[in-house]
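This is what each chain is made of:
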Amino acid sequence: MSTIGYGDITPKNEVEQAFGLFAMLCGSVAFAYGLTNLCSILFYFKQYEVDYEASFDQLFEFFERHHVPLSLRLKLQEFLSWKYSLEANEFSGEAKTEQIFEPLTLALKQELLASTANQAFPASNANNEILLFNIMGNDSRFKGIIWENMHARTFAEGDIIHSSLPSLNPIGNSIAFVSKGSVLWHSSTKFTLLEEGSAFNYGFGILGKGPGRQDLSVVAASHCLVFIIKSKKMRQILEDWPFIKKPLENYMKKRAEEKMPDFVASGEEEWYSFYSELVERVAKLKAQSEKAASTLDGKNSMINDQEDCLTPGVERVEIKQDTNEIKSV
């Protein structure tokens with residue numbers, strides 16, 4: 001009624017003219033609101049592509065302004081395209097922000113962290129063992145705490161990831177886990193290609209000390225995604241999980257005494273054997289804990305039903321001892 005028509009229907013009096021004016025105002029507001037929302041939906045539908053194209057436009061302007069050689073342009077474009085595809089299709093740590101976790105309870109936060117860790121390190125990959133993630137189960141609090149303190153770093157082919165020289169050591173004193181791509185670990189006497197599902201600086205991170213070699217370095221053999229966790233933070237986390245910390249420290253000391261390189265390669269038989277034994281140990285302790293908890297529940301039920309028949313203090317002492325055993329497990 002309020003749009004341009006043939007003119008065969010028109011308001012004839014003041015009431016009809018007022019109604020037509022009101023209809024025109026409402027129609028204009030509704031049309032503008034709908035158009036704005038449609039534009040927003042189209043704009044945010046592929047936000048990654050929008051950001052990607054905007055960053056490349058800026059990059060091309062920089063190339064032209066500073067006369068960057070063609071070979072370097074192609075190298076930069078290749079790396080940025082790889083990084084864009086990684087961020088657009090996989091979780092690489094960018095979603096771990098306080099704004100996302102602020103409204104969640106602690107239990108929900110840890111469940112979300114464990115889920116994202118499973119996406120970054122799928123169970124079909126050797127990372128499953130390297131990260132010790134599944135020792136306490138796929139959705140455990142242990143996994144969530146470690147993942148919360150991990151950070152993703154991307155490196156281009158040829159980049160130095162780790163070096164004995166502080167000025168050439170971008171990851172610092174951290175344990176590093178290779179999630180995508182591969183890295184070259186090398187010293188003056190040994191070269192080893194570490195592929196997806198490998199880790200380095202493991203012994204240093206767990207024990208807090210390393211061989212202090214001056215000829216050691218790790219270089220990206222291809223574009224790679226590496227997750228790192230500060231060595232000090234890892235040791236702090238393990239303090240709350242002594243039944244994992246103690247055997248892990250003993251195993252790393254053994255590797256150091258045998259002068260083994262400070263890395264764990266994907267599919268390494270010796271590490272897998274240690275990991276399997278640790279999983280069995282944790283499962284056994286968990287079963288003992290559940291049994292002790294069941295016994296404790298039974299004793300609490302007995303106290304409620306037979307409070308007047310118990311010898312004062314005796315049963316409560318036994319319950320306290322069981323509670324301490326559960327806490328130690």
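Please refer to the structure placed before this passage.
These remarks concern the structure in this document. (Residues numbered from 1 in each chain as written. Predicted model: local features only at pLDDT ≥ 70, side-chain atom pairs only at ≥ 80, totals over all residues. Heavy atoms only, no water.)

**Some thoughts on the packing of aromatic side chains**
Selection rule: Pairing of aromatic side chains here covers Phe, Tyr and the six-membered ring of Trp, requires ring centres within 6.5 Å, and sorts the geometry by plane angle: under 30 degrees stacked, over 60 edge-to-face, intermediate tilted. Helix and strand definitions follow DSSP, with helices as H or I runs of at least four residues and strands as E runs of at least two, each counted in order from the N terminus.
Tallied over the entire structure, the rule returns 10 aromatic pairs. With a centroid separation of 4.9 Å and an interplanar angle of 40°, the aromatic rings of Trp147 and Phe227 are classed as tilted. With Trp147 in helix H7 (residues 141-148) and Phe227 in strand E8 (residues 224-230), this residue pair connects regions lying 80 residues apart in the sequence.

**Quick word on the pairing of strand E5 (residues 191-194)**
Rule in force here: Partly exposed residues are those whose accessible area sits between 20% and 50% of the maximum for their type, while under 20% is buried and over 50% is exposed, using a 1.4 Å probe and protein chains only. Two strands pair if DSSP finds at least two bridges between them.
Side chains of E5 alternate between two faces, with Thr192 and Leu194 buried and Phe191 and Leu193 left unburied. Note that strand E4 (residues 183-186) and E5 share 4 bridges and pair antiparallel. Paired with Leu184 across the two strands is Leu193, which belongs to E5. Counting the residues that bridge the hairpin from E4 to E5 gives 4 residues.

**A word on the sheet that holds strand E2 (residues 160-163)**
Heads up, the condition is: For helices, the fitted axis covers only the stretch in contact; all axes are lines through C-alpha atoms, and the angles between them, taken along N-to-C directions, range from 0 to 180 degrees.
Within the open sheet, the 4 strands sit side by side as E2-E7-E4-E5. Their pairing is antiparallel. If you trace the sheet from one side to the other, it starts and ends with E2 and E5, each paired once. Between one strand axis and the next, the sheet turns through 20° on average, direction left out of account. The pairing of E4 with strand E7 (residues 217-220) spans 4 bridges and is classified as antiparallel. What sits directly across from Val183, in E7, is Ala220.

**Some points on a negative patch on the surface**
Short version of the rule: Surface patches are drawn from residues lacking salt bridges whose relative accessible area is over 30%; two like charges belong together within 9 Å, two nonpolar side chains (Val, Leu, Ile, Met, Phe, Trp, Tyr) within 5 Å. Under the convention used here, a 1.4 Å probe and the Shrake-Rupley method define accessible areas, while residue burial counts only the protein chains that appear. Between Lys or Arg on one side and Asp or Glu on the other, a salt bridge is scored when a side-chain nitrogen of the former is within 4 Å of a carboxyl oxygen of the latter. Under the counting rule used here, the positive set is Lys and Arg, the negative set is Asp and Glu, and His together with the chain ends is not counted. For the purpose of locating charges, the reference atoms are NZ of Lys, CZ of Arg, CG of Asp and CD of Glu.
Together, Glu257, Glu258, Glu269 and Glu270 make up a region of like negative charge exposed at the surface. Taking the relative accessible area as the measure of exposure, Glu269 reaches 68% and is therefore exposed.

**Describing the nonpolar core**
Formally: Here, nonpolar core refers to any group of buried Ala, Val, Leu, Ile, Met, Phe, Trp, Tyr and Cys residues whose side-chain atoms link them within 4.5 Å. By the convention used here, residues are in contact when the closest approach between their heavy atoms is within 4.5 Å.
Judged by nonpolar contacts, the single largest core of 34 residues is most densely connected at Phe177, Tyr202, Ile206, Ile229, Ile244 and Trp271. Breaking this core down by element, the ones donating at least two residues are helix H5 (106-120), H7, strand E3 (174-180), helix H8 (202-207), E8, helix H9 (231-239), helix H10 (242-257) and helix H11 (269-305). Examining the composition of this core, we find that 6 residues originate from one element, H11, more than from any other. With residues up to four places along the chain from it excluded, the contact list for Ile229 reads Ile146, Asn149, Met150, Ser174, Ile175, Phe177, Met234 and Ile237.

**What to know about H9**
The line we're drawing: The arc in question is the one traced by the directions running from the helix axis out to the C-beta atoms.
Among all positions in H9, only Ser231, Met234, Ile237 and Leu238 are buried. The arc enclosing the buried residues of H9, seen along the axis, measures out at 120°, which places them on a common side. Against H7, E3, H8, E8 and H10 lie the buried residues of H9.

**Some words on a nonpolar patch on the surface**
Taken together, the side chains of Phe31, Leu35 and Leu38 define a hydrophobic patch exposed on the protein surface, amounting to about 320 Å² of accessible area. Here Leu35 lies in helix H1 (residues 14-45). Owing to a relative accessible area of 43%, Leu35 belongs among the partly exposed residues under this scheme.

Keep in mind these numbers describe shape, not what the thing actually does.
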